[in-house]
Amino acid sequence: MRHTPGPPPVTQPPLTSPFRIADVEVPNRVLLAPLAGIGNWFVRLQARRHGAGMAVSEMVSSFALAHRNRRTLEEMLRVHPDEGVVSIQLFGSDPDVMRVAAATAAEAGPALLDLNMGCPVPKIVKTGAGVALLRDPDLAVAVASAAAEGSGLPVTVKLRSGIEPGDRSGLALARRLVADAGVAAIAFHPRAARRQHAGAPDYELVRELVDALDGSGVPVILSGGLRSAELARRAYRESGADAVMIARGALGDPWIFSELTGRAPRREPARVVAELDWVLDRASEHWGPERAARNLRKFYPWYLERLGISGSRADRFQRTERLEDVRELLAEAVRAPVGASL
Ligand SMILES: Cc1cc2nc3c(=O)[nH]c(=O)nc-3n(C[C@H](O)[C@H](O)[C@H](O)COP(=O)(O)O)c2cc1C
């Protein structure tokens, strides 16, 4: 059934109100999306500090967990006690492996597990995981059931609307996962996998899924295109989803969570610098200072852009070998501001 976009349904609760995923109460409807290579405990904790109701981890390989890969266990499964509601996202395509991995992930103490059935990256797809599961709904159901059995936790699934533009297999799979695997929520990214992360998401497809799952008690979480608080609010209204999930919009801008949860966003330069400083400290604690200095290079542009620092001044951050050098450059940036925003 097609819908014409219209006014928001009067019953749609505000983003600041709590909702439930199975028996887990989530304090509001603004969530941090899974971000591979980014969404570790301190990035999730940052989102939480700024108001996110729940945060999903970066995707973790079920194969690596089942093989008890040390770094995967120690680093990717690390959960901080102050994080609030956390979901750990796993990817995989073998139900037996997933059962074991889910049991291991559950020991880390998340409230939920999420399964990745939307990743279009060839390295993942060729193992039969990520969006490849759209082509094998029986296997997808078996993987989700195994995750629930292994973990004893409510299991959610994040998936795409389809593989090619126009393909709606994601909608059908979402319904099957709820009916046959008892999946507790669907995070839906209404962009074809072929489009990766480009192009406008089709929120009308989210609306269709919301209608299809109406009465099931299974919430639909919207992902895609939520680059600002304004876009997130609009997509929430247009789609009728139960919650929104912020991905790229949160990079270097945790204040998007404050803005969407009714707190004043404080993006003054001094606060941006203090926030990056907080990240440096947490990263050092997580990876040790040397690895942190390397791993954080990809984080700097997100914050520097906000400070109006670009070109050769931004490039200097990419050449830093030590966190102290980054701190010095930041102090310099605050002393000698450049750009309109400073
Ligand atoms: C760098 C990056 C890493 C991502 N990693 C994951 C991941 O590990 N698992 C997942 O389900 N989606 C992942 N995604 C997809 C996002 O969660 C989100 O669905 C997508 O970026 C669309 O939202 P946006 O347009 O608001 O950024 C990733 C996206 C980006 C940009």
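### Digging into the nonpolar core
Okay, step 1: Within the largest apolar cluster, 97 residues are counted, with the highest numbers of intra-cluster contacts made by Leu31, Ala144, Ile186 and Val244.
Okay, step 2: Take this core: its biggest share by element is eight residues, from helix H6 (residues 137-151).
Okay, step 3: Formed by 17 residues, the second largest nonpolar core is a distinct cluster that contains Val272, Leu276, Ala283 and Ala333.

### Things to note about the pairing of strand S8 (residues 185-192)
Okay, step 1: Summarising burial for S8: eight of the eight residues are buried, a large majority.
Okay, step 2: Residues Ala185, Ala187, His189 and Arg191 line one face of S8 and the alternating positions Ile186, Phe188, Pro190 and Ala192 line the opposite face, and both faces are buried.
Okay, step 3: As paired elements, strand S7 (residues 155-162) and S8 share six bridges and run parallel to each other. Counterpart to lysine 158 in the pairing with S8 is alanine 187.

### Some details on helix H11 (residues 269-287)
Okay, step 1: With 19 residues, H11 ought to run about 27 Å at 1.5 Å a step, and its terminal C-alpha atoms sit 27 Å apart, in line with that.
Okay, step 2: Listed in full, the buried residues belonging to H11 are Val272, Glu275, Leu276, Val279, Leu280 and Ala283. What you see down the axis of H11 is that its buried residues fit within an arc of 150°, all on one side.
Okay, step 3: Taken together, the buried residues of H11 touch helix H1 (41-49), helix H12 (289-295), helix H13 (300-306) and helix H15 (323-335).
Okay, step 4: Just beyond H11, the residue with positive phi is glycine 288, at close to 85°.

### Here we look at the environment of serine 239
Okay, step 1: Structurally, serine 239 is set in helix H9 (residues 229-239).
Okay, step 2: The class of serine 239 is buried, set by 26 C-beta atoms lying within 10 Å.

### Structural notes on the sheet that holds strand S5 (residues 86-91)
Strand pairing in a sheet is mediated by backbone hydrogen bonds. Such pairs are either parallel or antiparallel.
Okay, step 1: Reading around the barrel, the eight strands line up as S3-S4-S5-S6-S7-S8-S9-S10 and close back on themselves, with parallel pairing between neighbours. With direction set aside, neighbouring strand axes in the sheet form an average angle of 30°.
Okay, step 2: Pairing of strand S3 (residues 30-32) with strand S10 (residues 243-246), which is carried by three bridges, proceeds in the parallel orientation. Counted as the bridge partner of valine 30 is valine 244 from S10.
Okay, step 3: The sheet contacts of helix H7 (residues 169-181) involve S7 and S8, and relative to S7 the element is tilted by about 160°.
Okay, step 4: With respect to the sheet, H9 is in contact with strand S9 (220-223) and S10, its orientation differing from that of S10 by roughly 145°.

### Observations regarding the environment of arginine 322
Okay, step 1: Along the polypeptide, arginine 322 turns up in the loop between helix H14 (311-318) and H15.
Okay, step 2: As a C-alpha pair, arginine 322 and alanine 293 span 29 residues in sequence and 5.4 Å in three-dimensional space.

### Some thoughts on the packing of helix H8 (residues 203-212) against H9
Okay, step 1: Across the interface, H8 lies against H9 with an axial gap of 8 Å and an inter-helix angle of 45°. What the angle tells us is that H8 and H9 run oblique. Note on element contacts: H9 touches H8 through Ala235, Glu238 and Ser239, opposite Tyr203, Val206, Arg207 and Val210.
Okay, step 2: Taken together, the residues of the contact of H8 with H9 break down into four nonpolar, one polar and two charged.

### Some points on the domain arrangement of the chain
Okay, step 1: With domains assigned, the chain is organised as domain 1 (19-260) and domain 2 (269-335).
Okay, step 2: Spacing between the C-alpha centres of domain 1 and domain 2 amounts to 29 Å.
Okay, step 3: Here the residues of the side of domain 1 that touches domain 2 sort into three nonpolar, two polar and one charged.

### Structural notes on the packing of helix H4 (residues 95-107) against H6
Helix packing geometry: the angle between the two helix axes and the distance between the axes.
Okay, step 1: Closest axis-to-axis distance for the H4/H6 pair is 7 Å, and the angle between their directions is 35°. H4 and H6 meet at a crossing whose hand is right-handed. Contact residues: Pro95, Met98, Arg99, Val100, Ala102, Ala103, Ala105 and Ala106 in H4; Ala142, Val143, Ala146, Ala147, Glu149, Gly150 and Ser151 in H6.
Okay, step 2: Across the contact of H4 with H6, the residue classes tally to eleven nonpolar, two polar and two charged.

### Some words on the pairing of strand S4 (residues 54-61)
Okay, step 1: Burial within S4 is extensive, with seven of its eight residues counted as buried.
Okay, step 2: By the bridge criterion, two bridges tie S3 to S4 in an arrangement that is parallel. Looking at S4, one finds that leucine 31 is bridged to methionine 54.
Okay, step 3: Sheet topology note: the S4/S5 ladder contains five bridges and is parallel. Each bridged residue has a counterpart across the sheet, and for valine 56 the counterpart in S5 is serine 87.

Analysis parameters
- Residues numbered from 1 in each chain as written.
- Predicted model: local features only at pLDDT ≥ 70, side-chain atom pairs only at ≥ 80, totals over all residues.
- Core = buried A, V, L, I, M, F, W, Y, C linked by C-beta atoms within 7 Å.
- Buried ≥ 20, exposed ≤ 12 C-beta atoms within 10 Å, placed from the backbone.
- Helix = DSSP H or I, 4+ residues; strand = E, 2+ residues; numbered from the N terminus.
- Pairing = 2+ DSSP bridges.
- Expected span 1.5 Å × (residues − 1).
- Arc of directions from axis to C-beta.
- Contact = placed C-beta atoms within 7 Å.
- Axes fitted to C-alpha atoms, helices over the stretch in contact; angles between N-to-C directions.
- Parallel < 35°, antiparallel > 145°, perpendicular 65-115°, else oblique.
- Nonpolar A, V, L, I, M, F, W, Y, C, P; charged D, E, K, R; others polar.
- Domains from an automatic or database assignment.
- Left-handed = near helix turned anticlockwise from the far one by under 90°.

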